[in-house]
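Below, each chain spelled out in residue letters.
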Amino acid sequence: MKRLLTLLGALAILAVISSIFLQAGAQGDISEALPADMSFKKIKETLVKGKWLNHNDGYRLRSDDTTTVKRYKTLSFEADGSFALDSAKQRFIGHWSVSEGVISMEFVVRGDVQLEPKEAFIDKEGYLIVEQDVYRQRSTAIAGLLNFFEFSGFPNATPRHFIMLLIGLIFIYLAIKYDYEPLLLIPIGVGILFGNIPFFQAEGFNLQLGIYEPGSVMNILYFGVTAGVYPPLIFLGIGAMTDFSSLMSNPKLMLLGAAAQIGIFATFIGALYLGFAPPEAAAIGIIGGADGPTAIFISSKLANGINIIDYSAAGDPILVKNLIGPIAIAAYSYMALVPVIQPPIMKLLISKKERLIKMKPPRSVSKLEKIIFPIVGLLLTCFLAPSALPLLGMLFFGNILKESGVTRRLAETARNSMVDIVTILLGLTVGASTQADIFLTKESVLIFALGAVSFMVATAGGLIFAKVMNLFLSEENKINPLIGASGVSAVPDSARVVQMEGLKSDPSNHLLMHAMAPNVAGVIGSAVAAGILLSFLM
């Protein structure tokens, strides 16, 4: 082991010494290598022939057979005295002149960066040698190491990256430690880590690594989000695992699912007030439904960074903001925090006496009713809001697979294998879309604030409407107002919260089956609301 360490140390010393000698040789008097017959006219004609590609210790005039690597530097000289120095990381421009065979290069200030003037010459072999150029000063080995470091994550990391990495770790921690929607938060948390590994980025340079870089694996998977492919598949799985019996046995509870959608429209108005464009405000408002797939679907249609919403005075198109990432993260975050957000609102609005109300057991529902319901629901809701067909169509289709009794294999695939695969892809890509330079903006903060308000308004809307309904119901048909909180479409989490809060007041009062009715109605209601907004704003 000692011999190996000694050998490695010796090699390192030799590399440093070689580098020093090479550097010293490269920094000699620039005039020593000037060809005697290079006139101003000849130099100018040579410089403007084409691009000069960094090659070994200098720049070589690029020819058709020259092998190029994108990260190598290129110099372009124009006859009007301007030049451009391009590298993968940045572009500098300036002015050049020739005096006594020496090419002087003066750089224009770019932002807060000012490069020192450089001198260059064309040697006898036709190479353009630039004074103090990194490739001239370093040996091939050292230049390679510097290039490797430049493309690693360390020099490209920013405080924003570390903030997002911390958020990703918090998501994973909450999922594992407190069991907050682990099937969602773990893929999203890991996706946030994926999306915020710092890597080299530059205009016109594509490493095909990031989720926003065309051709990358993550970008291809992200197509399922931007094109609205994943949400309908999630709805297919939800339909195949949902039992609408509780809703069919007590149809009036559907009103609670509708009442909870007030959070969507209240947030839509709030987002407009804060300056968001109508399509962006509509996408943000869906967070109030606590329905992640619906939020992703409508944001991919309305707030995708592609649609033109107006034109500037100069006639340039104004594009809608790309808010898919912030909206999706906010929606899923509040879905996971249902057990934290809803109980205080329930305690605030529902009295002790109201919590003790016991509801009549739901009636049994026939097989024929179970088959007819999704067919009628499909036709009715999609006639009302055709734009919601991809979501509601798949929801009711999945339920038909479940209730028909003759497609058990398809129903099993839809509610197990398929929905699990899509959940992984959806969570991973949504998490990766939170790239620090795109996600950490003022708009993201406003979206999270609006999302929290909309979710609370939706919960309160369902609770208050349940209290109002009791004013018109007979004593034996009264409903426990707690189930109004399950009108949001976080299935089945909000129904579980209602069950737990009911048991705290009366250990014999089981509300789960009753709460599932407004819960599944909320899924339908949020999709219908999304379809209505799409109809107005597409």
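Definitions and limits used
- Residues numbered from 1 in each chain as written.
- Predicted model: local features only at pLDDT ≥ 70, side-chain atom pairs only at ≥ 80, totals over all residues.
- Heavy atoms only, no water.
- Core = buried A, V, L, I, M, F, W, Y, C linked by side-chain atoms within 4.5 Å.
- Buried < 20%, exposed > 50% of the residue type's maximum accessible area, 1.4 Å probe, protein only.
- Helix = DSSP H or I, 4+ residues; strand = E, 2+ residues; numbered from the N terminus.
- Contact = heavy atoms within 4.5 Å.
- Salt bridge = Lys/Arg side-chain N within 4 Å of Asp/Glu carboxyl O.
- pLDDT = per-residue confidence, 0-100.
- Pairing = 2+ DSSP bridges.
- Phe/Tyr/Trp six-rings, centres within 6.5 Å; stacked < 30°, edge-to-face > 60°.

1. Considering the nonpolar core
Ile284, Leu392 and Ile483 are the most contacted members of the largest nonpolar core, which totals 102 residues. When residues in this core are grouped by element, the largest group, 13 residues, is from helix α23 (residues 512–537). Not counting chain neighbours up to four residues away, the residues in contact with Ile483 comprise Leu253, Leu256, Met359, Val498, Leu511, His514, Ala515 and Pro518. Membership of the second largest hydrophobic core comes to 18 residues, among which are Ile43, Leu75, Met105 and Phe107.

2. Focus on the pattern of salt bridges
For the coordinates displayed, the defined rule picks out eight salt bridges. The partner of Lys321 in a salt bridge is Glu280, and the shortest N-O contact between them spans 3.9 Å. Here Lys321, found in the loop between β10 (317–319) and α14 (324–336), pairs with Glu280, found in helix α12 (residues 278–285); they are 41 residues apart in sequence, far enough to count as distant. Among the residues examined, Glu280 registers a relative accessible area of 2% and is labelled buried. The salt bridge involving Asp506 is made with Lys358; its shortest N-O contact spans 3.8 Å. In this pair, Asp506 sits in the loop between α22 (493–505) and α23 while Lys358 sits in the loop between α16 (352–355) and α17 (367–384), placing the two residues 148 residues apart along the sequence. Here Asp506 falls in the buried class, since its relative accessible area comes to 16%.

3. As for the confidence of the model for the protein
Across the protein, pLDDT averages 84, with 86% of residues at or above 70. Counted against residues more than four places away or in other chains, residues 65–71, with its pLDDT under 50, gives 12 contacts.

4. Re the pairing of strand β6 (residues 102–107)
With six bridges connecting them, strand β5 (residues 91–99) and β6 associate as antiparallel partners. Across the sheet, the residue bridging to Val98 is Ile103, located in β6. What sits between the antiparallel neighbours β5 and β6 is a turn of two residues, in which Glu100 has the positive phi angle 55°. When β6 meets strand β7 (residues 118–122), the two strands line up antiparallel, connected through three bridges. Residue pairing in the sheet places Ser104 in a bridge with Glu119 of β7.

5. A closer look at the packing of aromatic side chains
This model, assessed by the stated rule, comprises 11 aromatic pairs. Ring geometry for Tyr212 against Tyr222: centres 5.9 Å apart, planes inclined by 85°, an arrangement best described as edge-to-face. Separated by 10 residues along the polypeptide, Tyr212 in the loop between α6 (182–195) and α7 (217–226) and Tyr222 in helix α7 bring together distant segments of the chain. Tyr212 sits in the partly exposed class, given a relative accessible area of 25%. Residue Tyr222 is classed as buried on the basis of its relative accessible area of 3%. Ring geometry for Phe244 and Phe396: centres 6.2 Å apart, planes at 35°, overall tilted. Taken as a pair, Phe244 in the loop between α8 (230–241) and α9 (245–249) and Phe396 in helix α18 (residues 389–404) lie far apart in primary sequence, 152 residues in all. Taken together through their ring pairs, the aromatic side chains of Phe77, Phe83, Trp96 and Phe107 make up a single cluster.

6. Points about unusual backbone geometry
Cis geometry marks the peptide bond from Val491 to Pro492; its omega dihedral reads -10°. Relative to the assigned elements, Pro492 resides in the loop between α21 (442–470) and α22. For Asp179, which is not glycine, the phi torsion reads 60° and is therefore positive. The topology assignment puts Asp179 in the loop between α5 (159–177) and α6.

7. Structural notes on the environment of Leu256
Within the element layout of this structure, Leu256 appears in helix α10 (residues 254–259). Separated by 209 residues in sequence, Leu256 and Phe465 have C-alpha atoms that sit 6.7 Å apart. With residues up to four places along the chain from it excluded, the contact list for Leu256 reads Gly462, Phe465, Ala466, Met469, Ile479, Ile483, Gly484, Gly487 and Pro518.

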